[in-house]
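An overview of the molecular structure
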Amino acid sequence: MRNAFVRRTSRLFLGCTLIAAGTLPALAHAAWQPDKNVEIVVAGGPGGGTDQLGRLIQSIITTHKFLDVNTIVLNKGGGNGAEAFLDLKMNKGDPEKLVIGTNNIYLLPLVSKLGYQWQELTPVAAVAEDDFILWSYKDAPWKDAKGFYAAVKADPSNLRMGGSQSKDVDQTLTLLLNQTNNSKLVYIPFKSGSEAATQLAGKHIAANVNNPSESISQWRGDQVEPLCVFSKERMSYTEKVAGDKSWADVPTCHEQGLGIDQYRFPRTVFMPGEVTAEQRAFYVELMRKVTETPEFKAYVKQNALVPTFLEGEPLTAYIEKDTARVTPVFKEAGWLKN
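In this report, we go over the structure that sits alongside the text. (Residues numbered from 1 in each chain as written. Predicted model: local features only at pLDDT ≥ 70, side-chain atom pairs only at ≥ 80, totals over all residues. Heavy atoms only, no water.)

Overview of the overall build of the protein chain
Each helix and strand counted, the protein chain has 11 helices and 13 strands in total. The principal-axis extent of the C-alpha atoms belonging to the protein chain is close to 105 × 45 × 30 Å. Burial statistics for the protein chain: of 338 residues in total, 50% are counted as buried. Partitioning the contacts of the protein chain with sequence separation of at least 6, the portion at a separation of at least 24 is 77%. Roughly 16,400 Å² of accessible area belongs to the protein chain as shown, and the carbon and sulfur atoms make up 53% of that amount. Within the protein chain, one finds 37 positive and 37 negative side-chain charges whose respective centroids are separated by 4 Å. (Helix = DSSP H or I, 4+ residues; strand = E, 2+ residues; numbered from the N terminus. Buried < 20%, exposed > 50% of the residue type's maximum accessible area, 1.4 Å probe, protein only. Contact = heavy atoms within 4.5 Å. Areas by Shrake-Rupley, 256 points an atom, 1.4 Å probe, with all protein chains shown as cover. Lys, Arg positive; Asp, Glu negative; His and termini not counted. Charge placed at Lys NZ, Arg CZ, Asp CG, Glu CD.)

Next comes the structure, spelled out in structure tokens:
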């Protein structure tokens, strides 16, 4: 009897083991993952900062084999990125489409009637932030930001601020500076931050508010000078960049008395609306893995970006706070469309 019981027990155990073994692969693959090629849509033209980020993300995903499917990068930069965002809205529920943008994805609908709101889309993550620097040309009569603004208030007619695009982050910061400092800087829009850097190096404008990477060549070439960075603290990068100067040597604009403690924009990743929580969570973790690679960390350091990773409620709160800050600026400028 005992042997019969043992045989029956052994058969039962073996049967349960086989059932469990048969279910393990299914459980292991239960979490959602894409089964088609993933489109990485860049809300900007070829060669720009957003394009570089999109292609870096694709390269990292491919190199580290983070996906079992291929990735395809597409540029849709029309309307300052609006083309990409509208495409995202039209593809609601599509879990194999990502858009790489900045704060333009949630600020553009405030100043243009585009037929979408960011709440109709799905935020995935902010993977980094860009600082802004007040730059002036080499050998200018002012030696710091405080001196520059003294000159602006004395004679604003001959001092112009250049920047990338109109009704975008550079012009928004210029308007914010005018409001905060009771100044009347005239803003001149150019096609890109690179063109604004060239115009400043040639002394055709008095200043610009480029990101660090947009004017690093002219700084190294001894053509421009960083007057201050719009950050609560000085930048953390201590390696020498131009002569004996590092990014950490640039004073904050708050130190210089400009009244703006911080101004940055995020590098964002969004999905279409009406995707599942599981699908969003998959891409959150994918982007987290990307930002933890040596390649991404080198990119952040090379471009003097602010290491940042936000998702979920912290990202939503960031978007809402940023929107609330600039809405009065847009209203005073007559830009609001809603």
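There's more to say after this.
Re the nonpolar core
The biggest cluster of nonpolar side chains holds 77 residues, and the ones touching the most others in it are Leu134, Phe148, Phe230, Trp247, Met287 and Phe296. Setting aside chain neighbours within four positions, we find phenylalanine 148 in contact with Leu134, Trp142, Leu185, Ala206, Ala207 and Leu227. Core analysis: the next-biggest nonpolar cluster, separate from the first, contains 26 residues, Ala82, Leu114, Trp118 and Ala126 among them. (Core = buried A, V, L, I, M, F, W, Y, C linked by side-chain atoms within 4.5 Å.)

Overview of the sheet that holds strand β6 (residues 160–164)
Spatially, 5 strands are ordered β7-β6-β8-β5-β9 in an open sheet, and the strand pairing comes out mixed. Two strands in the sheet have a free side with no partner beyond their single neighbour: β7 (186–190) and β9 (224–229). As defined by bridge partners, strand β5 (residues 133–137) adjoins strand β8 (residues 207–208) across 2 bridges and the pair is classed as antiparallel. Looking across to β8, one finds that tryptophan 135 is bridged to asparagine 208. Along the sheet, helix α6 (residues 169–181) makes contact with β6 and β7, crossing β6 at roughly 150°. (Pairing = 2+ DSSP bridges. Axes fitted to C-alpha atoms, helices over the stretch in contact; angles between N-to-C directions.)

Details of the side chain of aspartate 131
Along the chain, the position of aspartate 131 falls in strand β4 (residues 122–131). Taking the relative accessible area as the measure of exposure, aspartate 131 reaches 3% and is therefore buried. At 2.9 Å, the side chain of aspartate 131 forms a polar contact with the side chain of arginine 264. (Polar contact = N/O pair within 3.5 Å; in protein donor to acceptor, adjacent residues only side chain to side chain.)

Points about the pairing of β9
Look at any regular strand and the pattern is simple: side chains alternate between the two faces of the sheet. Burial analysis of β9 places 5 of its 6 residues in the buried class, the great majority of the element. Here β5 runs beside β9; their pairing, made up of 5 bridges, is antiparallel. Bridge pairing in β9 links tryptophan 135 to proline 226.

A few points about the pairing of strand β1 (residues 38–42)
Counting buried positions over the 5 residues of β1 gives 4, a clear majority of the element. Bridging between β1 and strand β2 (residues 71–75) involves 5 bridges; their strand directions are parallel. Bridging from a neighbouring strand, valine 41 pairs with leucine 74 of β2. For the crossover from β1 across helix α2 (residues 49–63) to β2, the handedness is right-handed. As paired strands, β1 and strand β3 (residues 97–101) are joined by 4 bridges and run parallel to one another. Its bridge partner being in β3, valine 41 is matched across the sheet by valine 99. (Right-handed = clockwise from strand over helix to strand, strands pointing away.)

Quick word on helix α10 (residues 294–302)
Restricting attention to buried positions, one finds in α10 the residues Phe296, Tyr299 and Val300. Seen along its axis, α10 keeps its buried residues to an arc of 100°; they face one direction. Of the residues in α10, the exposed ones pointing more than 90 degrees away from the buried face are Pro294, Lys297 and Gln302. In the core, the buried residues of α10 are packed alongside α2, β4, α9 (277–291) and β13 (306–310). (Arc of directions from axis to C-beta.)

Here we look at the environment of aspartate 51
Inspection of the secondary structure assignment puts aspartate 51 in helix α2. Linking aspartate 51 and isoleucine 100, residues 49 residues apart in sequence, is a C-alpha distance of 8.1 Å. Apart from the residues within four sequence positions on either side, aspartate 51 is in contact with Val42, Gly45, Pro46 and Asn75.

Focus: the sheet that holds β3
Here we have 6 strands laid out as an open sheet, ordered β2-β1-β3-β12-β4-β13, and mixed in their pairing. For this open sheet the edge positions go to β2 and β13, each flanked by a neighbour on one side alone. Strand-to-strand twist of the sheet, defined as the mean angle between neighbouring strand axes without regard to direction, takes the value 20°. Taken together, the 3 bridges between β4 and β13 define a ladder with antiparallel strand orientation. Following the sheet pairing, alanine 128 is matched in β13 by proline 307.

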